[in-house]
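Chain by chain, the residues run as shown.
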Amino acid sequence: MAMIFQQISTHQGCQSYLIGCSNQRSAIIIDPELSMQDTYRALLNREGLRLHYLLDTHTHADHFSASQTLARQLQVPVIMHRNSPAPFVSFHVDDGEMIHLGELKLEIMHTPGHTEDSICILIADRVLTGDTLLLGGTGRSDLPGGDPAKLYNSLFNKLLLLPPETQVYPAHIYNEKKHTTIAAELLNNPRLQVTERMSFIHQMNTLNLNMPDHLTEALRTNLSGGKTVAGLLAEAAEKVSFMSLKEVALRLRTEPEEILLLDVRETDAFRKGHIPGAINIPRGQLELQVNSLLTNPTQRIVTYCQFGKISTLAAATLKELGFDRAVALDDGFNGWQAMDYPVEPAVHKDDG
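Note that the structure is predicted; figures quoted are calculated from it, not measured.

A few points about the state of the cysteines
Piece 1. According to the stated counting rule, one finds zero disulfides in the structure shown.
Piece 2. The closest cysteine sulfur to the non-disulfide-bonded C14 is located on C120, 17 Å from its own sulfur.
Piece 3. For C14, a relative accessible area of 3% gives the class buried.
Piece 4. In this structure C120 comes out as buried when scored by relative accessible area, which is 0%.

With respect to the packing of aromatic side chains
Piece 1. Evaluated as defined, the whole model comprises nine aromatic pairs.
Piece 2. Seen from their ring centres, W336 and Y341 are 4.7 Å apart, and the 55 degrees between their planes marks the pair as tilted.
Piece 3. The exposure class assigned to W336 is buried, which follows from its relative accessible area of 0%.
Piece 4. Given the relative accessible area of 18%, Y341 is considered buried.
Piece 5. Chaining the aromatic ring pairs together yields one cluster made of F5, Y17 and Y169.
Piece 6. Taking the ring centre of F5 as reference, the NZ or CZ of R126 above it sits at 4.5 Å.
Piece 7. Its end group placed over the ring of F333, R265 keeps NZ or CZ at 4.3 Å from the ring centre.

Some words on the nonpolar core
Piece 1. With 21 residues, the main nonpolar core has L18, I29, L44, L51, L54 and V78 as its most contacted residues.
Piece 2. Taken together, the elements giving at least two residues each to this core come down to β1 (3–9), β3 (26–30), α1 (37–47), β4 (50–55), α2 (67–74) and β5 (78–81).
Piece 3. For this core, the element with the highest residue contribution is α1, accounting for three residues.
Piece 4. Non-local contacts of L54, meaning those with residues more than four positions away in its chain, are made with I28, I29, P32, S67, L70, A71, V76, P77, V78 and I79.
Piece 5. Formed by 20 residues, the second largest nonpolar core is a distinct cluster that contains Y53, L55, V93 and L106.

Overview of the sheet that holds strand β10 (residues 126–130)
Piece 1. Across the sheet, which stays open at both edges, the six strands sit in the order β7-β8-β9-β10-β13-β14 with mixed pairing between neighbours. Each edge of the sheet is formed by a strand with only one pairing partner; in this case those strands are β7 (98–101) and β14 (180–181).
Piece 2. Strand direction decides the pairing type here: strand β8 (residues 104–110) and strand β9 (residues 119–123), joined by four bridges, are antiparallel. Note on β9: the bridge partner recorded for H110 is I119.

Some remarks on the pairing of strand β18 (residues 301–304)
Piece 1. Alternating residues of β18 divide into I301 and T303 and V302 and Y304, and every residue in both groups is buried.
Piece 2. Examined bridge by bridge, strand β16 (residues 260–263) and β18 share four bridges and lie parallel to one another. Bridging from a neighbouring strand, L261 pairs with V302 of β18.
Piece 3. Alignment of β18 against strand β19 (residues 327–329), held across two bridges, turns out to be parallel. Each residue of the ladder has a partner; that of V302, found in β19, is V327.
Piece 4. Chirality of the crossover, the property in question, places the unit of β18, helix α11 (residues 310–320) and β19 among those that are right-handed.

Section: the sheet that holds β19
Piece 1. One open sheet accounts for five strands, arranged β15-β19-β18-β16-β17; its pairing is parallel. The open sheet has two edge strands with one neighbour each: β15 (242–243) and β17 (279–280).

So, the pattern of salt bridges
Piece 1. Within this structure, the stated rule accounts for eleven salt bridges.
Piece 2. A salt bridge links K239 to E320, with the shortest nitrogen-to-oxygen separation between them at 3.4 Å. With K239 in the loop between α7 (229–237) and β15 and E320 in helix α11, this residue pair connects regions lying 81 residues apart in the sequence.
Piece 3. With a relative accessible area of 59%, E320 lands in the exposed category.
Piece 4. A salt bridge links R283 to E287; the nearest nitrogen and oxygen atoms lie 3.2 Å apart.
Piece 5. On the basis of relative accessible area, R283 is assigned to the partly exposed category, the value being 21%.
Piece 6. Within this structure, E247, R251 and E255 form a network of salt bridges that share partners.

Cut-offs used in this document
Residues numbered from 1 in each chain as written. Predicted model: local features only at pLDDT ≥ 70, side-chain atom pairs only at ≥ 80, totals over all residues. Heavy atoms only, no water. Disulfide = S-S within 2.5 Å. Buried < 20%, exposed > 50% of the residue type's maximum accessible area, 1.4 Å probe, protein only. Phe/Tyr/Trp six-rings, centres within 6.5 Å; stacked < 30°, edge-to-face > 60°. Lys NZ or Arg CZ within 6 Å of the ring centre and 35° of its normal. Core = buried A, V, L, I, M, F, W, Y, C linked by side-chain atoms within 4.5 Å. Helix = DSSP H or I, 4+ residues; strand = E, 2+ residues; numbered from the N terminus. Contact = heavy atoms within 4.5 Å. Pairing = 2+ DSSP bridges. Right-handed = clockwise from strand over helix to strand, strands pointing away. Salt bridge = Lys/Arg side-chain N within 4 Å of Asp/Glu carboxyl O.

Bear in mind that shape data such as this cannot, by itself, settle questions of function.
Dropping the structure here:
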């Protein structure tokens, strides 16, 4: 039995794993991360593998899972524990069950504690521990679904009973190691030295850890299958073209009647300073005011905002509403001021 095993890291320390059966050319990606989609595709192509499954070891609270997106694009099922509430999961598993991947067998261990739906995956000589067991640490138990008593049981009465030589591959790594073993963790992991149940629970309850970045958004999208803000912006950017600051400044000097500048910031910001000749429709009022303020659907409209993000959404909305020549400024009003281009009313750029 030949196994293809690729460990993929992100700059935040997240770990995903591409596992393949070299004989059957079938593959699974475990804990895929949204920003790494092109990397996974490249690895699948390089190894000549066909993706059969995607699997999340738990509902992630600190990064965005790529499972839903890849499942939709590649038409493969998403696997999670039966306690996962995510609506896009099509294949639920439970403790003691097994997934066949070509000639490989992936054994499921339900290990709640970090989350209620946490699982570990035992395959051959290694175990993928998700956030249940980390290198030199454990998953935290103070996030939604966490329970230190359940984490204790998952660790000391299940996971740590595996053969000591079993290799440990977690979903997060915060040092230079790529993996370790059950024996090494039992010997060197500070949190595992507290072996008495109530003392372990007290230890976990008094860690006083910082909340993860993007906690609310990550839980919302990973639990519901909803879109991230970055995802919305990326989708909008795929639907519109852009015009540079330099090009807009040139056209305002040479043919101002050829473009209509649409400032989609709030009215107070517009009054403090805006690009000469621009009209103002705040983004939240755009759909309600297009018929009265944008009467020519063939007009070339250039949307802009403060930083160049909301204007992209606005341009995409205008195109959906029939303004086919709507484009977005390839920067925001801050960039316009930084280039010392003219502003109405005439104020110093640091005042606007």
